Amino acid sequence: MTTGAFGEIEGRRVDEIGIRAPGSGIEAKVITWGAVVRDLKVHLGDGHWQRVVLGLNTIRDYVAHSPHMGAIAGRVANRIAGGRFTLDGRTYDLTRNQAGQHTLHGGDGFGNKLWTLADHDESGVTLTLDSPDGDNGFPGAVRAVCTYRLRDPGILRVELSATTDRPTPVNLAHHSYFNLDGGASIFNHRLSIDADFFTPTDADLIPTGEILPVNGTPNDFRANRSIRFPDALTGAPVHYDINFVLRRDRVEPADPDATAGKAPELAHAAVLSSLVNNLWLDVWTTEPGLQVYDGGKLNVPVPGLDGVHYGPGAGICLEAQNFPDAINRPNFPDPVLRPGDIYRQVTEYRFTRK
């Protein structure tokens, strides 16, 4: 485990913490800005390491150019339609940072804040963030806690919790861009998702409120298949930024030692794999939805790790979370956190060589 300065923001130090699993099968670097996983490497068992996330080189690059890369998105991850919601009879107007109309990832949200380093050891790090009442228009003071824990043979465990002093929506999500083989894009990767339904969206990626079957649509990932899928009319590849309704029929008990405390069962959500190096990523989560973004709009103007340019499809996001715009959709899972309750999420990214 190592710690050191990664830079400064407005005179405040940004720390970087290096952690690794006890058996050294997986290692990571985490920075306190945005609770970002800046680097994540998995040992392939043949003497080689594989970097599996996208990352940047300086805090200036993150502040100016990061598309939530490796961050914790919140107070409400994903989109809120019109940047507005009504809760307990009162309407709240939020920061509108998507096309000046909608709120994305909480506006100037948790992924753009400097978190506090609360604890760390060889294999894990805990960060905290205090979001004041009125932050980006949201009601209530919220304290969020994020713990990253590495376990052998290749597991990144993300434990999230939050409390509030007033009713407020909370929906946190880990936002790493994964690339399992270091190629220029993930469009040669394969993906399967444990979902029979998805939540369709309009042109602004705002849910219509419907929950539709994936059968017969480009969103059918129930069988392991290529991420590339041709549009039926144009033949051009379909790009993905869509929420899947997880089936939750393959579950296992949550770890009783979770920092966030007792949590619902972990359910299997998805498998991402590369045929180049036969590396597989299984996602397990307590959450009802999985937002899949294929990175089709990526075009980061500064070099990433090892000087790599991150263009369209350089990485894919597998964001376990509640459904987008759930605060405005009564048929979606309730995202409201109330005083005395604790928001909890556990998501594991499990890497294996096959």
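Residues numbered from 1 in each chain as written. Predicted model: local features only at pLDDT ≥ 70, side-chain atom pairs only at ≥ 80, totals over all residues. Heavy atoms only, no water.

K.L.:
For unusual backbone geometry, give the residues involved together with the corresponding values.
P.N.:
At the junction of Gly74 and Arg75, the peptide bond is cis and its omega measures out at 5° in the coordinates. With an omega dihedral of 5°, the bond running from Asp152 to Pro153 counts as a cis peptide bond. Locating Pro153 in the fold gives a position in the loop between strand 13 (142-151) and strand 14 (155-164). You will see that Asn78, though not glycine, has its phi angle at about 75°, which is positive. A relative accessible area of 2% places Asn78 in the buried class. Of note, the phi angle at Asn278 is positive, near 60°, even though the residue is not glycine. Within the fold, Asn278 resides in the loop between strand 24 (266-273) and strand 25 (279-285). We classify Asn278 as partly exposed; its relative accessible area is 34%. (Helix = DSSP H or I, 4+ residues; strand = E, 2+ residues; numbered from the N terminus. Buried < 20%, exposed > 50% of the residue type's maximum accessible area, 1.4 Å probe, protein only.)

K.L.:
Would you mind going over the pairing of strand 3 (residues 26-31) in detail, with residue names and values included?
P.N.:
Summarising the sheet, strand 2 (residues 12-20) and strand 3 pair through five bridges and their orientation is antiparallel. When the bridges of strand 3 are listed, Gly18 appears paired with Lys29. Here strand 2 folds back onto strand 3, and the loop between the two strands holds five residues, one of which, Ser24, carries a positive phi near 65°. As paired strands, strand 3 and strand 4 (residues 36-43) are joined by six bridges and run antiparallel to one another. (Pairing = 2+ DSSP bridges.)

K.L.:
Go over the packing of aromatic side chains, please, and point to the residues and values.
P.N.:
A full pass over the atoms with the stated rule returns eleven aromatic pairs. Each ring, one from Phe178 and one from Tyr349, has its centre 5.0 Å from the other, and the planes form 40°; the classification is tilted. On the criterion of sequence distance, the pair formed by Phe178 in strand 17 (residues 177-178) and Tyr349 in strand 29 (residues 343-353) is long-range, its members being 171 residues apart. A relative accessible area of 0% means that Phe178 is categorised as buried. Judged by relative accessible area, Tyr349 falls into the buried class, the value being 1%. (Phe/Tyr/Trp six-rings, centres within 6.5 Å; stacked < 30°, edge-to-face > 60°.)

K.L.:
Residue-level account of the sheet that holds strand 2, with values.
P.N.:
On the basis of which strands lie adjacent, the open sheet formed by five strands has the order 1-2-3-4-5 and antiparallel pairing. At either margin of the open sheet sits one strand with a lone partner, and together these are strand 1 (2-9) and strand 5 (49-51). Strand-to-strand, the axes of this sheet are offset by a mean angle of 20°, without reference to chain direction. In this sheet, strand 5 lies alongside strand 4 in antiparallel orientation, the contact comprising three bridges. Across the sheet, residue Val42 finds its bridge partner in strand 5, namely Gln50. (Axes fitted to C-alpha atoms, helices over the stretch in contact; angles between N-to-C directions.)

K.L.:
Tell me what's going on with the pattern of salt bridges, and back it up with residues and numbers.
P.N.:
Considering all chains together, one arrives at 24 salt bridges under this definition. Each of Arg151, Arg157, Glu159, Glu252, Glu348 and Arg350 takes part in one network of salt bridges that share partners. (Salt bridge = Lys/Arg side-chain N within 4 Å of Asp/Glu carboxyl O.)

K.L.:
Describe the environment of Arg149, with residues and values.
P.N.:
Structurally, Arg149 can be placed in strand 13. C-alpha separation for the pair Arg149 and Gly124, spaced 25 residues apart in sequence, amounts to 4.3 Å. Contact partners of Arg149, with chain neighbours within four places excluded, come to Asp121, Ser123, Gly124, Ile155, Leu156 and Arg157. Within the local environment of Arg149, its side chain forms a polar contact with the side chain of Asp121, the two groups lying 2.8 Å apart. (Contact = heavy atoms within 4.5 Å. Polar contact = N/O pair within 3.5 Å; in protein donor to acceptor, adjacent residues only side chain to side chain.)

K.L.:
Quick one: what's the story with the nonpolar core, residue by residue and with numbers?
P.N.:
Counting residues in each nonpolar core, the largest one holds 61 residues, and the members touching the most others are Leu40, Tyr148, Leu191, Ile193 and Phe351. In terms of residue count, strand 13 provides more of this core than any other element does, five residues in total. The contact partners of Leu40, leaving out residues within four places of it in the chain, are Ile26, Glu27, Ala28, Gln50, Arg51, Val52, Val53, Leu150, Leu156 and Phe351. (Core = buried A, V, L, I, M, F, W, Y, C linked by side-chain atoms within 4.5 Å.)

Take it as geometry only, folks, not as evidence of what the structure does.
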